[in-house]
Amino acid sequence: MVDVRAFQRSSEQDPSSTELPYNIELEQNLLGALLINNEVFSKIEGVVAAEHFFDPVHAKIFGLISDRIRANTIASPITLKVFLENDQGLAGIGGPAYLARLAGSATSIFASRDYAKIIHDLAIRRSLISLGEEISMKAARVDADTEPEEQIVEAEQQLYQLGEHGRIDRGFRSLRKALTESVDIATAAYQRGSGLAGLATGLHDLDHRLGGLHKSDLVILAGRPSMGKTALATNIAFHIATHPERHGTNGSGSDKVQGGVVGFFSLEMSREQLATRILADLARTPSNLIRQGRVERDDFRKFVEAANRFEAAPLFIDDTPALPINQVASRSRRLKRTHGLDLIVVDYLQLVRPTNLRDSRVNEITEITQGLKALAKELDVPVLALSQLSRQVENRDDKRPMLSDLRESGSIEQDADVVMFVFREEYYEERKKPSEDDGEKLKEWLEKMEKIHGVAEVIIGKQRHGPIGTVELSFESQFTRFGNLARDRDKPAYGVPAGTSTHGYRAASSPAGNLPFPDDDEVPI
């Protein structure tokens with residue numbers, strides 16, 4: 001039974017024709033197969049959706065079938081008739097009797113998945129034609145307010161959406177869809193039993209406070225220079241990239257570690273410097289000694305072994321300086337298309353350039369933060385962006401940062417879902433050491449340093465979906481490593497030589513040597 005509107009584009013047609021490709025007969029056969037046997041739905045779910053049907057009535061029928069089957073109820077011509085008796089579109093092609101004709105004309109249930117694939121492909125072709133015409137019309141209009149680069153970015157974004165989701169997302173979505181997605185997220189967190197709905201950073205207290213790094217969130221990590229922003233971001237990124245129990249393994253059967261995919265935009269440090277930091281941490285060798293070549297043979301061997309073990313980790317570094325925000329978005333989309341994507345890190349916010357020069361730095365930062373937030377939502381991944389703090393922190397007795405210390409704080413604070421500050425009191429107290437001649441003050445200073453040595457604070461100044469507060473972490477400056485805070489009895493006294501601190505680490509024996517790896521129950525990387 002082929003409707004009089006049925007048409008399928010063929011190779012004999014004029015390629016310049018503007019007719020859209022579709023096949024009404026295929027749509028009818030697929031709907032008929034579903035009405036005869038609801039079990040067919042499990043074979044085609046995920047292949048085709050209501051929006052892929054060319055005929056609006058067919059799209060509505062498929063939507064009703066999908067809803068009823070997902071609700072564990074029967075979808076048949078009789079049960080659907082109640083919902084479609086007054087539908088004007090259905091009335092135009094025969095009314096509710098059309099449902100019975102669909103079921104009666106189904107030719108092959110076994111070919112249903114092939115039908116669904118063809119319907120999906122035809123829908124993609126229609127979207128491509130529509131998008132191409134839209135791009136052509138926009139390019140033909142010479143508008144002083146619209147730069148060609150902006151049109152390219154917009155077209156790339158739409159093509160990405162089409163490639164990833166089989167549609168160009170526009171307009172409203174139903175509350176039902178949003179509620180379903182929310183329940184799915186909560187269910188996944190409940191089944192994991194970890195209390196985490198997002199990506200685990202490996203820092204247990206921080207994960208407990210945040211619930212992990214959530215998809216579509218813009219997370220700002222701010223601090224003054226030398227507080228350890230890059231170190232903390234690198235620790236988190238490397239933890240996600242090297243934990244296969246959360247993200248799957250490389251499937252090679254080797255001992256090379258591969259976890260979640262991380263895109264790291266290092267606008268300040270080169271990729272070699274960043275990699276050296278990571279390997280120095282893994283090999284437990286200060287990075288400054290590695291750069292100077294002042295390492296023992298065994299330390300260098302550990303350094304190389306660490307590189308071999310973690311070379312498969314999907315941590316991708318882009319160290320292009322002064323990258324425009326539209327290029328950050330473009331390269332992130334490309335990375336997700338080619339390798340997948342779990343996290344984006346930007347180090348740091350103030351080094352990203354706006355697409356076009358603005359009249360003020362505040363407006364430029366606004367464009368950048370809005371662009372990062374939009375990117376997080378578009379790619380459905382968390383974006384961790386580092387940010388500098390203004391100098392006004394140094395003018396206070398209490399150096400702990402607050403939201404007002406953010407440079408161009410209006411847009412950063414407004415667009416971010418989470419704002420965190422890194423603070424190490426030890427950094428400031430070291431510079432207040434009294435004279436050796438003043439024994440009383442020196443004793444007080446040593447006692448204070450004893451309490452704060454190796455301790456860092458992560459101050460959560462804003463969290464859109466949770467509590468604020470302060471989390472204490474351990475910090476080993478010689479390895480630029482943050483970790484879960486060790487108990488007082490395990491923490492070495494201030495003044496212990498560098499390299500002798502354990503801070504909860506264990507040395508994992510391996511055939512190649514004693515290359516230390518963190519205990520998953522104690523300390524992250």
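J.: I'd like a description of the overall build of the chain, backed by residues and values.
T.: For the chain, the count of helices and strands is 20 helices and nine strands. Counting across all 525 residues of the chain, residues that qualify as buried make up 48%. Element-wise, carbon and sulfur atoms account for 51% of the exposed surface of the chain, whose accessible area totals about 26700 Å².

J.: Would you mind going over the sheet that holds strand S2 (residues 262-266) in detail, with residue names and values included?
T.: Across a sheet, strands are paired by hydrogen bonds formed along the backbone, either parallel or antiparallel in direction. Pairing is mixed across the open sheet formed by nine strands, whose spatial order is S3-S2-S4-S5-S1-S6-S7-S8-S9. If you trace the sheet from one side to the other, it starts and ends with strand S3 (315-318) and strand S9 (481-484), each paired once. Looking at each pair of strands side by side, their axes are set apart by 25° on average, direction ignored. By the bridge criterion, four bridges tie S2 to S3 in an arrangement that is parallel. In the sheet register, Phe264 faces S3, and the bridge partner there is Ile317. On the sheet, helix H13 (residues 271-283) packs against S2, S3 and S9 and is oriented at approximately 145° with respect to S3.

J.: Quick rundown of the packing of helix H16 (residues 325-339) against helix H17 (residues 361-379)? Include the residues and the values.
T.: Packed helix pairs are specified by the crossing angle of their axes together with the interaxial distance, meaning the distance between the axes. Look at H16 against H17: their axes get within 10 Å of each other, and the N-to-C directions meet at 15°. The pairing of H16 with H17 is recorded here as roughly parallel in orientation. Handedness of the H16/H17 crossing: right-handed. Along its contact with H16, which presents Ile325, Val328, Ala329, Ser332, Arg333 and Lys336, the element H17 presents Glu367, Ile368, Gly371, Leu372, Leu375, Glu378 and Leu379. Considering only residue class, the contact of H16 with H17 consists of seven nonpolar, two polar and four charged.

J.: Lay out helix H7 (residues 112-140) with the relevant residues and their values.
T.: Taking 1.5 Å of rise per residue, the 29 residues of H7 would be expected to cover 42 Å, and the 42 Å separating its terminal C-alpha atoms lies within 8% of that figure. Listing the buried residues of H7 in full gives Ser112, Tyr115, Ala116, Ile119, His120, Leu122, Ala123, Ile124, Arg126, Leu131 and Glu134.

J.: Hey, could you go over the pattern of salt bridges for me, with residue numbers and the actual values?
T.: Summed over all chains, the structure comprises 13 salt bridges. With a shortest N-O distance of 2.9 Å, Asp405 and Arg396 are connected by a salt bridge. Its salt-bridge partner being Glu425, residue Arg400 comes within 3.6 Å of it at the nearest N-O pair. Note that Arg400 is positioned in the loop between strand S5 (383-388) and helix H18 (409-415) and Glu425 in helix H19 (residues 425-429), a separation of 25 residues in sequence. Residue Glu425 is classed as buried on the basis of its relative accessible area, which comes to 19%. One salt-bridge network, in which partners are shared between bridges, spans Asp398, Arg400, Glu425 and Glu457.

J.: Give me the lowdown on the environment of Gln151, citing residues and values where you can.
T.: Relative to the helices and strands, Gln151 resides in helix H8 (residues 148-165). What makes Gln151 buried here is its relative accessible area of 19%. C-alpha of Gln151 to C-alpha of Lys138: the two residues are 13 residues apart in sequence and 7.8 Å apart in space.

J.: Break down the nonpolar core for me, citing the residues and quoting the values.
T.: Of all hydrophobic cores here, the largest spans 81 residues; its most connected members are Ile220, Leu232, Ile344, Val345, Leu372, Leu406 and Met420. Per-element accounting of this core gives the leading share, eight residues, to helix H11 (residues 229-241). Not counting residues within four places of it along the chain, the set of residues in contact with Ile220 comprises Ala385, Ser387, Leu406, Ile412, Ala416, Val418, Val419 and Met420. Val40, Ile65, Ile69 and Ala111 belong to the second-largest nonpolar core, a separate cluster that totals 31 residues.

J.: Now, about empty space enclosed by the protein: what can you tell me, with residues and values included?
T.: Throughout the structure, instances matching the rule amount to two cavities of 30 Å³ or more. Estimates place the volume of the largest cavity at around 70 Å³. With four residues, H11 is the single largest residue contributor to the lining of the largest cavity. Its residues placed into classes, the lining of the largest cavity shows five nonpolar, three polar and two charged. Estimates place the volume of the second largest cavity at around 40 Å³. Contributing to the lining of the second largest cavity are Leu210, Gly212, Leu213, His214, Asp217, Val219, Val418 and Gln463. Counted by class, the lining of the second largest cavity contains four nonpolar, three polar and one charged residues.

J.: Which residues make up the packing of helix H1 (residues 24-36) against helix H6 (residues 97-105), and what values do they have?
T.: Across the interface, H1 lies against H6 with an axial gap of 7 Å and an inter-helix angle of 90°. As summarised for this structure, H1 and H6 are arranged roughly perpendicular, according to the angle between their axes. Residues Gln28, Asn29, Leu31, Gly32, Leu35 and Ile36 of H1 form the contact with H6, whose participating residues are Tyr98, Leu99, Leu102, Ala103 and Ser105. Of the residues belonging to the contact of H1 with H6, the class tally is seven nonpolar, four polar and no charged.

J.: Can you lay out the pairing of strand S7 (residues 455-463) for me, pointing to particular residues and giving the numbers?
T.: Most of S7 is tucked away: eight of the nine residues are buried. Bridging between S7 and strand S8 (residues 469-476) involves six bridges; their strand directions are antiparallel. Following the sheet pairing, Glu457 is matched in S8 by Glu472. Hairpin connection, S7 to S8: the antiparallel pair is bridged by five residues.

J.: Tell me what's going on with H11, and back it up with residues and numbers.
T.: Spanning 13 residues, H11 covers 18 Å between terminal C-alpha atoms, matching the ideal 18 Å at 1.5 Å per step. The element H11 is largely enclosed, with a buried count of 13 among its 13 residues.

J.: Tell me about the packing of aromatic side chains, and please be specific about residues and values.
T.: What describes a pair of aromatic rings is the distance from one ring centre to the other and the angle between the planes of the rings. One pass over the full model with this rule turns up six aromatic pairs. Taking the centre distance of 6.0 Å and the plane angle of 25° together, the rings of Phe423 and Tyr428 count as stacked. Comparing Phe423 with Tyr428 shows no difference in burial state: the two are buried. With a centroid separation of 5.2 Å and 85° between ring planes, the pair formed by Tyr427 and Tyr428 is classed as edge-to-face. Comparing Tyr427 with Tyr428 shows no difference in burial state: the two are buried. Three or more aromatic residues joined by ring pairs form one cluster here, namely Phe41, Phe53 and Phe62. The ring of Tyr428 has Lys399 lying over it, and the distance from NZ or CZ to the ring centre is 5.9 Å.

Cut-offs and rules
- Sequence positions are assigned chain by chain, starting from 1 and proceeding in written order.
- Residues qualify for local features only when their pLDDT is at least 70, as the model is predicted, and side-chain atom pairs are given and counted only at 80 or more; totals for whole chains, interfaces and linings, by contrast, use all residues.
- Each side-chain value is derived from all of the structure's non-hydrogen atoms; neither hydrogens nor water enter the calculation.
- Helix and strand definitions follow DSSP, with helices as H or I runs of at least four residues and strands as E runs of at least two, each counted in order from the N terminus.
- For every residue, the accessible area (1.4 Å probe, protein chains only) is compared with the maximum for its type, and the residue is labelled buried under 20%, exposed over 50%, or partly exposed between those bounds.
- All accessible areas in this document rest on Shrake-Rupley with a 1.4 Å probe, and a residue is counted as covered only by the protein chains that are shown.
- For two strands to pair, DSSP has to find at least two bridges joining them.
- Helix axes use the C-alpha atoms of the stretch in contact, all axes being lines fitted to C-alpha atoms, and the angles between their N-to-C directions lie in the range 0 to 180 degrees.
- We call two residues in contact whenever any of their non-hydrogen atoms come within 4.5 Å of each other.
- Should an angle lie under 35 degrees it is considered roughly parallel, over 145 roughly antiparallel, and from 65 to 115 roughly perpendicular; all remaining angles are considered oblique.
- Whether a crossing is left-handed or right-handed is set by the direction in which the near helix is turned from the far one by less than a right angle, anticlockwise for left-handed and clockwise for right-handed.
- All residues other than Ala, Val, Leu, Ile, Met, Phe, Trp, Tyr, Cys, Pro, Asp, Glu, Lys and Arg, Gly among them, are scored as polar; the first ten of these are nonpolar and the last four charged.
- One less than the number of residues in a helix, times 1.5 Å, gives the span that helix is expected to have.
- We define a salt bridge as a contact between a side-chain nitrogen of Lys or Arg and a carboxyl oxygen of Asp or Glu at a distance within 4 Å.
- Nine residue types can take part in a nonpolar core, namely buried Ala, Val, Leu, Ile, Met, Phe, Trp, Tyr and Cys, and a core is a set of them joined through side-chain atoms within 4.5 Å.
- Using only the protein atoms, space was sampled on a 1 Å grid; points where a 1.4 Å probe fits but cannot get out form cavities, open sets with protein on both sides within 12 Å along at least five of seven lines form pockets, and lining residues are those with an atom within 4 Å of a point.
- Grid points are joined across faces, edges and corners, and a volume is the space filled by probe spheres set on the points.
- Only Phe, Tyr and Trp rings take part, Trp by its six-membered ring, and two of them pair if their centres are within 6.5 Å. Stacked means planes under 30 degrees apart, edge-to-face means over 60, and tilted covers everything else.
- We count a charge as sitting over a ring when the NZ of a lysine or the CZ of an arginine lies within 6 Å of the ring centre and within 35 degrees of the ring normal.

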